[in-house]
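Per-entry structural report
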Amino acid sequence: MPLSAERKSEYFDKLKELVTNYSKCFVVEVDNVGSKQLQSTRKDLRGKAEVLMGKNTMMRKCLRDFVEENPGSPVEKLI
């Protein structure tokens, strides 16, 4: 089921907030990773890092928009 425009907007705001507030970003592809392993990883990172999962296209669009609004940002290297 596709995300509503409101949910996408919330996701974009959340990702832009995280990219703005944190100096480091770790992007990982999680194809063929079991839910138990993801659960364990998220549990281990709790309190130390933020985990935000999303669709590739949505993440790329959000990061491109962020770079357009903030030229010269280190986020540009992620695109």
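On the surface, Phe-26, Val-28, Val-30, Leu-45, Val-51 and Met-53 cluster together into a nonpolar patch covering about 540 Å² of accessible area. The residue Val-30 is located in the loop between α1 (5-21) and α2 (35-45) in this model.

Before going further, it helps to spend a moment on the environment of Arg-46. Secondary-structure assignment places Arg-46 in the loop between α2 and α3 (56-69). Accessibility expressed as a relative area gives 62% for Arg-46, which makes it exposed. Linking Arg-46 and Ser-4, residues 42 residues apart in sequence, is a C-alpha distance of 28 Å.

Overall, the coordinates contain three salt bridges when judged by the stated rule. A salt bridge links Lys-14 to Glu-50; the nearest nitrogen and oxygen atoms lie 3.7 Å apart. With Lys-14 in helix α1 and Glu-50 in the loop between α2 and α3, this residue pair connects regions lying 36 residues apart in the sequence. A salt bridge links Lys-61 to Asp-65; the shortest N-O distance between them is 3.4 Å.

What follows is about unusual backbone geometry. Of note in the backbone geometry, Asn-32 takes a positive phi value of approximately 60° without being a glycine. The residue Asn-32 is located in the loop between α1 and α2 in this model.

A surface patch of like charges, here negative, comprises Glu-6, Glu-10, Asp-13 and Glu-17. Structurally, the position occupied by Glu-17 is in helix α1.

Rules and cut-offs
- Residues numbered from 1 in each chain as written.
- Predicted model: local features only at pLDDT ≥ 70, side-chain atom pairs only at ≥ 80, totals over all residues.
- Heavy atoms only, no water.
- Patch = residues over 30% accessible without salt bridge, like charges linked within 9 Å, V, L, I, M, F, W, Y side chains within 5 Å.
- Areas by Shrake-Rupley, 256 points an atom, 1.4 Å probe, with all protein chains shown as cover.
- Salt bridge = Lys/Arg side-chain N within 4 Å of Asp/Glu carboxyl O.
- Helix = DSSP H or I, 4+ residues; strand = E, 2+ residues; numbered from the N terminus.
- Buried < 20%, exposed > 50% of the residue type's maximum accessible area, 1.4 Å probe, protein only.
- Lys, Arg positive; Asp, Glu negative; His and termini not counted.
- Charge placed at Lys NZ, Arg CZ, Asp CG, Glu CD.

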